[in-house]
Amino acid sequence: SSRWSLHGTTALVTGGTRGIGHAVVEELAGLGAKVHTCSRNEAELAECLKDWEGKGFAVTGSVCDASSRPQREALITHASSLFDGKLNILVNNVGTIISKPTTEHTAEEYAMLMSTNLESAYHFCQLAHPLLKASGAGSIVFVSSVAGLVSVGSGSVYGATKGAMNQLARNLACEWAVDNIRVNSVAPWVIKTSLVEHYPSEPGMVNKIISRTPLRRVGEPEDVSSLVAYLCLPAASYITGQTISVDGGFTVFGFA
Ligand code: NDP
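Residues numbered from 1 in each chain as written. Predicted model: local features only at pLDDT ≥ 70, side-chain atom pairs only at ≥ 80, totals over all residues. Heavy atoms only, no water.

## Concerning the packing of aromatic side chains
Argument step 1. This model, assessed by the stated rule, comprises 2 aromatic pairs.
Argument step 2. Here the aromatic rings of Trp189 and Phe250 are separated by 3.7 Å at their centres, their planes lie at 10°, and the arrangement is stacked. Placement of Trp189 in the loop between strand S6 (181-188) and helix H6 (205-211) and of Phe250 in the segment after strand S7 (243-246) is noted, with a sequence separation of 61 residues between them. Summarising the burial analysis for this pair, Trp189 and Phe250 share the class buried. (Phe/Tyr/Trp six-rings, centres within 6.5 Å; stacked < 30°, edge-to-face > 60°. Helix = DSSP H or I, 4+ residues; strand = E, 2+ residues; numbered from the N terminus. Buried < 20%, exposed > 50% of the residue type's maximum accessible area, 1.4 Å probe, protein only.)

Have a look at this one:
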């Protein structure tokens, strides 16, 4: 039924050419949404768009560095003209990681993580608010991390950006409920993507991760995209302000 369909809806997914964002684009398009996405690499974006067209998905894309304020403004202007000023879904997926001890973090690294992970998501929400409101039924999803809930050795600044995203979901859920915009956050544990292909560098780390994860595996991008899509469906119409972990049980595992 239409409770489990996104037909007739529009979506903006940031960072859709690889990893979790790529899976989210395909999940939403597969459920019938018209999707716009972005990335910094024009050639990779063009290749993805060609591939999606071949799969019959209604996906468009433009180059945008989500850490740049004017480029964020241009992206929303573009999405607004594509979608007639209405947007049902905003997935703030762009994010990056620098994991090093706090005593070694530079001011530049701090600023880069804050602007890429947190400020971009915050500003995209501000910019998209009139479009989400105009759609009559809006849903924002933040791609956060378990690093925003517990300490996982990913670095304190990364963890702080993700914890802030979870709180942003709670605040915006309350502020924008009046506009029928729901706001939620998903918190993945280790997911097999290009972001982590060079991590974990330490030998034995993969086994250490798996031994601390009740389901005894790392996640796939599709493990996350299914939850993101669910949160955008009419079926999730009473869920807002939540942070939901996609972590194989990692955050509830105390002691065996
Ligand atoms: P990937 O690095 O594999 O993919 C990131 C995607 O975003 C690419 O399409 C990339 O394209 C794009 N992107 C990156 N930076 C920018 C930018 N500044 N502007 C526009 N596009 C950008 O990452 P993941 O899929 O692993 O991560 C996605 C999100 O999930 C992040 O927020 C991350 O923190 C979070 N996460 C990931 C986990 C994991 O284990 N993988 C665990 C928990 C959370 P391009 O580089 O061409 O711009």
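## Some remarks on the sheet that holds S7
Argument step 1. The strand order across the open sheet formed by 7 strands is S3-S2-S1-S4-S5-S6-S7, and the pairing between neighbours is parallel. At either end of the open sheet lies a strand with only one pairing partner, and these are strand S3 (59-63) and S7. Taking the axes of each pair of neighbouring strands and ignoring which way they run, one obtains an average angle of 20° across the sheet.
Argument step 2. Its contacts with the sheet put helix H3 (residues 69-82) on strand S1 (10-14), strand S2 (34-39) and S3, and the angle it makes with S2 is roughly 160°.
Argument step 3. Running at roughly 170° to strand S4 (residues 89-92), helix H4 (residues 107-135) makes contact with S1, S4, strand S5 (138-143) and S6 of the sheet. (Pairing = 2+ DSSP bridges. Axes fitted to C-alpha atoms, helices over the stretch in contact; angles between N-to-C directions. Contact = heavy atoms within 4.5 Å.)

## Observations concerning the pairing of S1
Argument step 1. Burial analysis of S1 places 5 of its 5 residues in the buried class, the great majority of the element.
Argument step 2. Two strands pair when backbone bridges link them, and S1 and S2 are joined in this way by 5 bridges, in the parallel orientation. Bridge pairing in S2 places Thr10 opposite Lys34.
Argument step 3. Once the chain exits S1 it traverses helix H1 (residues 19-30) before rejoining the sheet at S2, and the crossover so formed is right-handed.
Argument step 4. Where S1 meets S4, 3 bridges bridge the pair, whose relative direction is parallel. Bridge assignment links Ala11 to a residue of S4, and that residue is Ile89. (Right-handed = clockwise from strand over helix to strand, strands pointing away.)

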